[in-house]
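# Tertiary structure, described
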Amino acid sequence: MNNPQTIRHLNEIDALNALFRSGGMSRAELARALGLNRSSTGNIVASLMSAGLVVEAPEEAKPGEGKRSGRPGIAVRLSPDGAFFTGVEIGVDRLSAVVIDLSAKVVQQKSIAFDSPNSPAEVVIAKATALAASVLPTVEESRLKGICVTLPALLDHSGTARNAHMLGWRDMPVTSMFRDFLPFPLDVTSENDANAFAIGETYSGNYGWSNTSLFLNIENGVGGAIIVGGRLFRGAFGFAGEFGHLTIERNGRPARRGTAGEFETLIGKDMVLGSYEERGGQPDLDHFFAALARGDEPARWIAEMWADHLSYGLAQLVKVLDPDLVVLGGSVAPIYPFVEQRVRDNLDSMLIPGLPRPKVELSTQGPSGAARGAACVVHQKFFTAAD
């Protein structure tokens with residue numbers, strides 16, 4: 001049976017979630033949202049204000065409302081600088097760190113080029129830790145609610161990377177190593193990069209209509225995640241969504257990393273830049289996208305080949321999972337707008353009659369989507385009753 005302290009904590013969590021979703025409300029509105037009387041709600045607000053998590057401010061007119069007469073009401077809102085949450089991405093060729101505040105707004109971010117596969121794991125993690133420390137706000141440690149490290153890996157519940165083949169790591173205790181490198185104690189967790197990307201996307205508020213969503217984080221490899229009913233689907237062992245390892249071609253072209261013929265070796269960055277270099281281009285995404293925008297034949301040919309492989313992989317996923325939405329993210333995903341119609345036509349020809357083609361959209365989070373998503377993982381944990 002819950003004791004009064006537990007009940008109060010659960011009510012405070014509910015209040016934080018209500019204020020996060022609404023952007024702010026009066027005490028009376030908050031009481032109705034919580035199903036509590038005004039006295040109990042007042043005690044909750046006082047406790048959260050004492051913790052620096054909420055503030056009171058004059059109530060703003062809502063869209064469509066006319067000019068109010070008399071004194072404005074008082075609204076309760078989250079205090080953005082009441083807490084901070086940090087996400088760190090360990091990628092194949094870059095490290096990124098993002099800090100968000102209590103309202104989930106990005107307040108600091110930094111990204112550096114780094115060759116992770118050709119550096120010892122200890123050096124990579126030490127560098128990532130230093131990057132995280134460099135973006136942390138200068139506030140009392142109690143307002144720093146934790147760090148989530150994200151990377152392309154199969155991660156177990158202890159935060160050990162059982163297999164991070166793009167980095168060349170096996171059985172690497174990422175979470176504990178990162179924690180040891182920090183200059184002061186802080187809660188550290190780890191998450192697969194595609195799962196973090198998907199969680200970050202749910203924070204955008206753009207996909208509330210979707211029941212079953214697939215997320216592809218397309219970098220050197222391809223990570224995948226599944227959101228069903230607003231919740232991340234992890235599978236029996238926590239490894240659901242390894243879309244990048246679907247076999248698309250038997251006897252595929254040799255891959256720089258990974259297994260030939262797998263989805264990620266056919267639509268990932270290594271394939272795009274490797275093919276572009278073979279055709280005389282500079283192996284750099286900025287140069288490739290500039291050439292694609294100009295309509296240069298080599299870049300256009302690669303984009304069309306990319307579209308065909310993407311279509312085939314998506315068709316298999318749609319047949320099994322029946323999603324209503326697919327979101328493409330990562331540094332390679334901006335190819336999609338150039339070949340959107342080709343992908344649509346391909347899917348229409350590949351899907352069995354009667355099976356709806358899902359909406360395919362491009363993420364708006366940019367190349368740091370996984371790092372921001374990792375920060376959202378910590379934010380989400382703080383906003384759950386289990387915390």
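Each value, and the rule that gives it
- Residues numbered from 1 in each chain as written.
- Predicted model: local features only at pLDDT ≥ 70, side-chain atom pairs only at ≥ 80, totals over all residues.
- Heavy atoms only, no water.
- Helix = DSSP H or I, 4+ residues; strand = E, 2+ residues; numbered from the N terminus.
- Rg over C-alpha atoms; globule rule 2.2 N^0.38 Å.
- Buried < 20%, exposed > 50% of the residue type's maximum accessible area, 1.4 Å probe, protein only.
- Areas by Shrake-Rupley, 256 points an atom, 1.4 Å probe, with all protein chains shown as cover.
- 1 Å grid on protein atoms, 1.4 Å probe; cavity = no way out; pocket = protein on both sides within 12 Å on 5 of 7 lines; lining within 4 Å.
- Points joined across faces, edges and corners; volume = space filled by probe spheres on them.
- Nonpolar A, V, L, I, M, F, W, Y, C, P; charged D, E, K, R; others polar.

## A few points about the overall build of the protein
When helices and strands are tallied, the protein shows 12 helices and 16 strands. Relative to its length of 387 residues, the protein is compact, with a C-alpha radius of gyration of 23 Å against a globular reference of 21 Å. With the C-alpha coordinates aligned to their principal axes, the bounding extent of the protein is approximately 70 × 50 × 45 Å. Out of the 387 residues in the protein, the part that is buried amounts to 50%. Surface accessibility of the protein: about 18200 Å² in total, with carbon and sulfur atoms responsible for 51%.

## A look at empty space enclosed by the protein
Enumeration according to the criterion identifies 1 cavity of 30 Å³ or more in this entry. The computed volume of the largest cavity comes to approximately 30 Å³. Taken together, Glu89, Arg94, Phe197, Asn217, Glu219, Gly330, Gly366, Pro367, Gly369 and Ala370 make up the full set of residues lining the largest cavity. Residue composition of the lining of the largest cavity, by class: 3 nonpolar, 4 polar and 3 charged.

## Here's the deal with the layout of surface pockets
If a probe as big as a water molecule is rolled over the atoms, it shows which places are left empty. Within this model, the largest pocket holds a volume of roughly 1400 Å³. In this structure, the second largest pocket occupies an estimated 400 Å³ of space. Contributing to the lining of the second largest pocket are 23 residues, with Asn220, Arg256, Arg257, Lys269 and Asp270 lying nearest its centre. A per-element tally of the lining of the second largest pocket places helix 8 (residues 269-278) first, with 6 residues.

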